[in-house]
Amino acid sequence: MTPARTDRGTPSGDRPGPTDEELPRLVGQVARGDQAAFEVLYDVIAGPVYGVALRTLHSPAHAEEVAQEVLLEVWRTADAYRSERGSVLTWVLTIAHRRAVDRVRSARASAERDHRSRGRELPPSDPPEDQAVRSLERQRVRSALAQLSTVQREAVVLAYYGGYTQREIAHRVGVPLGTVKTRVRDGLIRLRAAFTPDGAVLGRGEPLVGPPSGPGRTAGARR
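Residues numbered from 1 in each chain as written. Predicted model: local features only at pLDDT ≥ 70, side-chain atom pairs only at ≥ 80, totals over all residues. Heavy atoms only, no water.

Draft legend 1. Structural view of the overall build of the protein. A tally of regular secondary structure across the protein gives 8 helices and 0 strands. From first element to last, N terminus to C terminus, the protein shows the α and β order α-α-α-α-α-α-α-α. By residue count, 30% of the 223 residues in the protein fall in the buried class. Counted over contacts in the protein with a minimum sequence separation of 6, partners at least 24 positions apart contribute 68%. (Helix = DSSP H or I, 4+ residues; strand = E, 2+ residues; numbered from the N terminus. Buried < 20%, exposed > 50% of the residue type's maximum accessible area, 1.4 Å probe, protein only. Contact = heavy atoms within 4.5 Å.)

Draft legend 2. View of helix H2 (residues 35-57). At isoleucine 45, H2 is deflected by roughly 40 degrees, the largest bend along its length, and proline proline 48 occurs up to four residues later in sequence. Between a side-chain oxygen at the N-terminus of H2 and the backbone nitrogen of alanine 36 the separation is 3.0 Å; the capping residue is aspartate 34. Backbone geometry just downstream of H2 places histidine 58 in the positive-phi region, at approximately 60 degrees. (Bend = angle between axes of the 7 residues up to and from the residue. Polar contact = N/O pair within 3.5 Å; in protein donor to acceptor, adjacent residues only side chain to side chain.)

Draft legend 3. A look at the side chain of glutamine 152. With respect to the helices and strands, the residue glutamine 152 is situated in helix H6 (residues 150-160). Dropping the residues within four chain positions of it, glutamine 152 is found in contact with Arg183, Asp186, Gly187 and Arg190.

Draft legend 4. Region of the structure containing the nonpolar core. Counting residues in hydrophobic clusters, the biggest one holds 31 residues, and the most contacted among them are Leu41, Val70, Val74 and Val92. Of all the secondary-structure elements, those providing two or more residues to this core are helix H1 (23-31), H2, helix H3 (60-77) and helix H4 (88-121). By residue number, the principal contributor to this core is H2, which donates 12 residues. Setting aside chain neighbours within four positions, we find valine 70 in contact with Val49, Val92, Ile95, Ala96 and Arg99. Of all hydrophobic cores here, the second largest spans 15 residues; its members include Val141, Val156, Val184 and Leu191. (Core = buried A, V, L, I, M, F, W, Y, C linked by side-chain atoms within 4.5 Å.)

Draft legend 5. Local environment of the pattern of salt bridges. Per the stated rule, a full pass over the model turns up 6 salt bridges. Between arginine 103 and glutamate 69 there is a salt bridge, with the nearest N and O atoms lying 2.8 Å from each other. Taken as a pair, arginine 103 in helix H4 and glutamate 69 in helix H3 lie far apart in primary sequence, 34 residues in all. Salt-bridge contacts for arginine 98 lead to glutamate 73; the nearest nitrogen and oxygen are separated by 2.7 Å. Here arginine 98, found in helix H4, pairs with glutamate 73, found in helix H3; they are 25 residues apart in sequence, far enough to count as distant. Through salt bridges with shared partners, a single ionic network connects Glu65, Glu69, Glu73, Arg98, Arg99 and Arg103. (Salt bridge = Lys/Arg side-chain N within 4 Å of Asp/Glu carboxyl O.)

Draft legend 6. Region of interest: the packing of H1 against H2. At a minimum axis separation of 8 Å, H1 and H2 run at an interaxial angle of 130 degrees. In terms of orientation, H1 lies oblique with respect to H2. Once H1 is placed against H2, the crossing between them reads as left-handed. Of H2, the residues touching H1 (which contributes Leu23, Leu26, Val27, Gln29 and Val30) are Ala37, Phe38, Val40, Leu41 and Val44. Counted by class, the contact of H1 with H2 contains 9 nonpolar, 1 polar and no charged residues. (Axes fitted to C-alpha atoms, helices over the stretch in contact; angles between N-to-C directions. Parallel < 35°, antiparallel > 145°, perpendicular 65-115°, else oblique. Left-handed = near helix turned anticlockwise from the far one by under 90°. Nonpolar A, V, L, I, M, F, W, Y, C, P; charged D, E, K, R; others polar.)

Draft legend 7. A look at the packing of aromatic side chains. Counting across every chain of the model gives 3 aromatic pairs. The interplanar angle of 70 degrees and the centroid separation of 5.9 Å between the aromatic rings of phenylalanine 38 and tyrosine 42 together place this pair among those described as edge-to-face. Taken together, the residues span about one helical turn, with phenylalanine 38 and tyrosine 42 both in helix H2 at a distance of 4 residues. Accessibility classification places phenylalanine 38 together with tyrosine 42 in one group, the buried group. Ring centres of tyrosine 81 and tryptophan 91 lie 5.4 Å apart, and the angle between their planes is 50 degrees; on these two criteria the pair is classed as tilted. Of this pair, tyrosine 81 sits in the loop between H3 and H4 while tryptophan 91 sits in helix H4, and the two are 10 residues apart along the sequence. For tryptophan 91, a relative accessible area of 17% corresponds to the buried category. (Phe/Tyr/Trp six-rings, centres within 6.5 Å; stacked < 30°, edge-to-face > 60°.)

Okay, here's the thing in structure tokens:
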């Protein structure tokens, strides 16, 4: 069972703290599961452990978490302490520093993963020359569409850039299906001259060049 403590170490006023020479004995008792010994050791090391964590993390909340992790590790691994390798406090604070640095590295790695993930979500930027070509094409489309009658332009835009079927267009604008077919056919005949001087016919699924400005349904979408 792990002793539960929430304070950061405040030695009892009537009980003198253990000397440096007594700390190894306390650690040995903790290694055998002596909770009373851990209470005494806790009062000595909790404050310094929190201080190391706070200096490394610069966050009281994270420092509290790391300090609790360190104290739990001391409780669980007390039998790993070797007095010939250094003092008890040095051993404990080494654990604290390692834990705090691991927390910093983990936070940085998480931030880098998030940054890379956001970067992958961004669409690639096209070269300026491609953007210029598309801008010119959009101007041609707008100029060609402007030559159509209002009803022809409406039918063509809904069919090619709105993704509507001719039956859906008829229902949307409130005219017979045959009227919509005529408007689309006549509109395409006039556009064909602007985009295909050789007289090639534009198919129903072919985009003219690019959509006119303004939001619309994706080509091919169905309402």
